[in-house]
Every structure is written in structure tokens, then in C-alpha cells.
Amino acid sequence: MPSGLEHILCLDDFDKAAKQHLPKPIYAYISGGVERNHTLRANATSFERYEFLPRVLIDISKRTTSTSVLGMQYSAPFGIAPMGICALSAYRGDIVLAQAAERENIPMIMSGSSLIRMEEVIKVNPNAWFQAYLPGDEKNILALVERVKVAGYRTLVITVDASIAANREHNIRAGFSTPMRPSLSLAWQGLTHPRWLFGTFLKTIALHGMPHFENNFAHRGAPIMSPNVSRDFSDRGHLNWSHLRMLRKQWPGQMVIKGILDFRDARLAVDSGVDGIIISNHGGRQLDGTVAPLQVLPRIVRSCSEVPVMIDSGLRRGTDVLKALALGAKFVFLGRPFNYASAVGGSVGVRKGISLLRDEISRDMAMLGINHLSELDASFLLGGDSKDLP
């Protein structure tokens, strides 16, 4: 086990370790939200609105955390959310996350803003899902989706809550940009974080060359570091439901829409042919002041009972996962904690994070008095607003 992991007792501990390990600009990129971070905080505190009502004297000796979603059986009701630029925080970050997810039998969603080619990731995890930000024109949309299909992905996740770039002031203050601009300050951050400098950044350059954005389009994008190259942020402001319906016709596998918060949009998505919904506010990284996904979960579940409704943003403990499931979610996703785990511990760190959360869920199930996750419903909860409950 890598040095330091013996002190990791929960997912929050990975955050503390990563803050010490990573250069300030990179940690700021991963950890921050937008503007005043109101939504970032609200995502976490939304789970505090509910409290458990456990049952007792129930035989819980045969309990299991296993569950299924979209036709696949997994060892736990959670997966790894898509996170861009993981290969900058951890050596071969997307590969590390994909391998750990495959070995622990949970889903991993590869980000379209990743620095490793999608074709490499699916080789180590044939069951990985792929998340795409749709390019701004039909030709490039179809070309990207065709590439994903040829690569062998069977589940496509379309993120729809990032039509324009968010106001991430903290990135600017911390010296982070994409691409990153060489500077004395950035050089100093590398020198003062030698384990990251030699174990991640310079090792990547030496063995694989300068990382590029590999999967935003069917073609290669900008490098992660350059004094003068700009990243292509295609204008997506004109994209609408007709583009999703067009995509549904071309994509032969499972299609999931991510970034839904309004039940009316959820209903439109289902009527457009999606196979699943991920309720999300982008981890508090887009519009500050946005509602926490947990608050709108019950209404979306009621509106779209024919598809699995999943959720991300703010989950950190087994109790968070169980509260979301009790309110109707079929599955949940977590991002930042596994990013931190890969940064400080590689694949071993990610697998430890998965085990810690899975063990929490199993222990919490025992104390709630249930053996199967399907037994969970709102009767195990008190709190929130009555209109929130299914």
C-alpha cells in the first residue's frame, strides 16, 4: 500500500491528502465551484435535511450492496463520475480510474475533456461509459459519436448543462487555465510539489509526450500546456432537443442524459428516447445558486418512472448514498473523491476509496435493518419538505 494510505479512513481524507500533494492550481481546478461556491456547499448540506428511521431486530446477516442499472450488475450502487483532465492530477489518471472500476465492478464514466484517448481507456475497461460534450455543429457531433461507437463504448452519456463556459474565478486566482500557461509561479508550484512533478507531470512528458485534449472531438484538441495555443470551446448555445433526437437515431447503445434538474426537461429527455437520467448541477461548477440535485430527485423520479434516475453532486458518505436511494435514485455517481484518490494513491488508492464507501453502505444497511437496496424507500427518512418525498 502506498505510504500514507493507512491513515485514509473515509473519502474526505483523500481530499486532505490531495491538497498537500497537488500544486495549488490543479487542486483548485478539481475542488472549486463557481463564484461564491453557494451551490458547491448546498450539494453537501442537502443530505443533512434528512434523518434516518432505522428498523431493529431484523436478520441482516445476508445483506448485499450489489445492484443493477441499465442491464448491468454492479458490486455497489455507485460509480465514478466523469472528470476532465484527470491525467494531470494523477499519472495516467483515466486509465487508473478505469482499471480500479473494472476490478471493483462499478461503472466508470470517462470524460470527454480527458487527456488520454478513449480508445486506450476502453482497452483496460470494456464496460466503461463515455461522456460527451456535444460539439457545436452537426458534422462534428456525428463524427464524435461515430468515433465513440467504433471504439466500442456501449453507454453514451450526454452532458447538457455546459452550453457556455462557467465563471470559475477561483481558477484564475489560483493560476489555472486550459491550456496552462508556463510561468515562474507555475514552475515554483511544481518544484514545491516534487512527488507530483516527477511522478505525474514529468513522467507523463517523458513516456507519452505533452498531453492533449483527446476526446472533445473526433480529432485531437489543444495541448494541456502552451504559451500561445487556445483551446477550442465550440459554441454550444444553439443546441436543442432536436440534436438529442438526431443523436438517438445514430447511437445504437444505451444513452444517458446528464445535467437535468427540472422535471419538465427530464420528461422531454425520456420522450426523446434516453435510457437513463443523471440529475446533476455539474458538481456546483456551472451556475452558482442552482438547486441541489437531491432536492429535485423525488419529483423527477415521479415524472420519469420508466427509466433509471441517477444522481451526482455532493455525495461523500455511505449515508448520502442511502438517502439518495431512499428518495428514488437507482444509482449515484461521485467524482472529486476518486480523483483525489488516484492522485495520492494511484489505482490502489482508488480501489481503497471504493472499498471504504462500499463498506460504509453495507454497515449502514445493517444499522437501518435492510438486506437489499431495493428495500429502501422514503419510509426510512424524516425531514426535508413533505413535497420532496415520493
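Residues numbered from 1 in each chain as written. Predicted model: local features only at pLDDT ≥ 70, side-chain atom pairs only at ≥ 80, totals over all residues. Heavy atoms only, no water.

Novice: With reference to specific residues and values, describe the overall build of the chain.
Specialist: Scanning the chain from N- to C-terminus turns up 15 helices and twelve strands. Its C-alpha atoms give the chain a radius of gyration of 20 Å, within 12% of the compact-globule value 21 Å for 390 residues. Projected onto the principal axes, the alpha-carbon positions of the chain cover approximately 60 × 50 × 40 Å. Going through the 390 residues of the chain one by one, you find that 57% of them count as buried. Carbon and sulfur atoms provide 54% of the accessible area of the chain, an area that totals close to 16,500 Å². (Helix = DSSP H or I, 4+ residues; strand = E, 2+ residues; numbered from the N terminus. Rg over C-alpha atoms; globule rule 2.2 N^0.38 Å. Buried < 20%, exposed > 50% of the residue type's maximum accessible area, 1.4 Å probe, protein only. Areas by Shrake-Rupley, 256 points an atom, 1.4 Å probe, with all protein chains shown as cover.)

Novice: So what's going on with the packing of aromatic side chains? Residues and values would help.
Specialist: For any pair of aromatic rings, the description consists of the separation of the ring centres together with the inter-plane angle of the planes. Throughout the structure, instances matching the rule amount to eight aromatic pairs. Above the ring of Y29, the side-chain terminus of R285 is found at 4.8 Å from the ring centroid. (Phe/Tyr/Trp six-rings, centres within 6.5 Å; stacked < 30°, edge-to-face > 60°. Lys NZ or Arg CZ within 6 Å of the ring centre and 35° of its normal.)

Novice: An account of the sheet that holds strand β7 (residues 155-159) is needed here, citing residue identities and associated values.
Specialist: With parallel pairing, the eight strands of this open sheet are ordered in space as β4-β11-β10-β9-β8-β7-β6-β5. Edge positions in the sheet fall to β4 (78-80) and β5 (109-110), since each has one partner strand and no second. Of the pairings in the sheet, the one linking strand β9 (residues 276-279) to strand β10 (residues 309-312) comprises three bridges and is parallel in character. Bridging across to β10, I279 finds its partner in I311. Here helix α15 (residues 336-368) sits on the sheet and contacts β4 and β11 (331-334); the angle it forms with β4, its principal contact strand, is near 175 degrees. (Pairing = 2+ DSSP bridges. Contact = heavy atoms within 4.5 Å. Axes fitted to C-alpha atoms, helices over the stretch in contact; angles between N-to-C directions.)

Novice: Give a detailed account of the nonpolar core, specifying residues and quantitative values.
Specialist: Among the nonpolar cores identified, the biggest contains 104 residues, and F78, L88, Y153, L156, I277 and L297 are the most heavily contacted of them. Of all the elements, α15 adds the most residues to this core, at twelve residues. For F78, the contacting residues outside a window of four places in its chain are I106, P107, F331, V332, L334, F338, I354, L357, R358 and I361. (Core = buried A, V, L, I, M, F, W, Y, C linked by side-chain atoms within 4.5 Å.)

Novice: Give me the lowdown on helix α7 (residues 138-151), citing residues and values where you can.
Specialist: Its 14 residues place the ends of α7 20 Å apart at the C-alpha level, agreeing with the 20 Å of an ideal helix rising 1.5 Å per residue. Of the surrounding secondary structure, the elements contacted by the buried residues of α7 are α6 (118-124), β6 (129-132), β7 and α11 (241-250). Of the residues flanking the end of α7, it is G152, one or two places downstream, whose phi is positive at about 110 degrees. (Expected span 1.5 Å × (residues − 1).)

Novice: Let's hear about the packing of helix α14 (residues 318-326) against α15: which residues, and what values?
Specialist: Between two packed helices, what matters for the description is the angle formed by their axes and the separation of those axes. Interhelical geometry of α14 versus α15 gives an angle of 60 degrees and a closest axis separation of 8 Å. By the criterion of interaxial angle, the relationship of α14 to α15 is oblique. Like other packed secondary-structure pairs, α14 and α15 cross with a definite hand, here right-handed. Each of G318, T319, V321 and L322 in α14 lies in contact with α15, whose residues at this interface are L357, E360, I361, D364, M365 and L368. (Parallel < 35°, antiparallel > 145°, perpendicular 65-115°, else oblique. Left-handed = near helix turned anticlockwise from the far one by under 90°.)

Novice: Describe the packing of helix α2 (residues 24-31) against α15, and please don't skip the residues or the numbers.
Specialist: Relative orientation of the contacting elements α2 and α15 amounts to 155 degrees, with a least axis distance of 10 Å. Taken together, the axes of α2 and α15 lie roughly antiparallel to each other. Residue-level inspection shows Y27, I30 and S31 of α2 in contact with α15, the latter providing R336, N339 and Y340. For the contact of α2 with α15, the class distribution of residues is three nonpolar, two polar and one charged. (Nonpolar A, V, L, I, M, F, W, Y, C, P; charged D, E, K, R; others polar.)

Novice: Please provide a residue-by-residue account of the pattern of salt bridges, values included.
Specialist: Going through the model one piece at a time under the given rule, you end up with 15 salt bridges. The partner of E120 in a salt bridge is R92, and the shortest N-O contact between them spans 2.7 Å. Taken together, the residues span a long stretch of sequence, with E120 in helix α6 and R92 in the loop between α4 (86-89) and α5 (93-104) at a distance of 28 residues. The class for E120 is partly exposed, based on a relative accessible area of 31%. Taking the relative accessible area as the measure of exposure, R92 reaches 16% and is therefore buried. Residue R267 pairs with E306 through a salt bridge whose shortest N-O separation is 2.6 Å. One end of the pair, R267, is in helix α12 (residues 263-271); the other, E306, is in the loop between α13 (293-303) and β10, with 39 residues separating them in the sequence. Taken together, the shared-partner salt bridges in this structure form one network comprising E104, R351 and R358. (Salt bridge = Lys/Arg side-chain N within 4 Å of Asp/Glu carboxyl O.)

Novice: Before we move on, can you summarise the side chain of S362 with the specific residues and values?
Specialist: Tracing the backbone through its elements, the reader meets S362 in helix α15. Overall, S362 belongs to the buried group, its relative accessible area being 19%. With sequence-adjacent residues up to four places away left out, S362 is seen in contact with R63 and T65.

Novice: Report on the environment of D359, specifying residues and quantitative values.
Specialist: In this fold, D359 is placed in helix α15. Assessed through its relative accessible area of 44%, D359 is described here as partly exposed. Between the C-alpha atom of D359 and that of P77, which follows or precedes it by 282 residues, the distance is 12 Å.

Novice: Before we move on, can you summarise unusual backbone geometry with the specific residues and values?
Specialist: Note that the residue after T178, namely P179, is joined by a cis bond; omega there is -5 degrees. Along the chain, P179 turns up in the loop between α8 (169-174) and α9 (184-191). For E35, which is not glycine, the phi dihedral falls at a positive 50 degrees. The backbone phi angle of N37 is positive, close to 60 degrees, even though this residue is not glycine. Its relative accessible area of 22% is what places N37 among the partly exposed residues.

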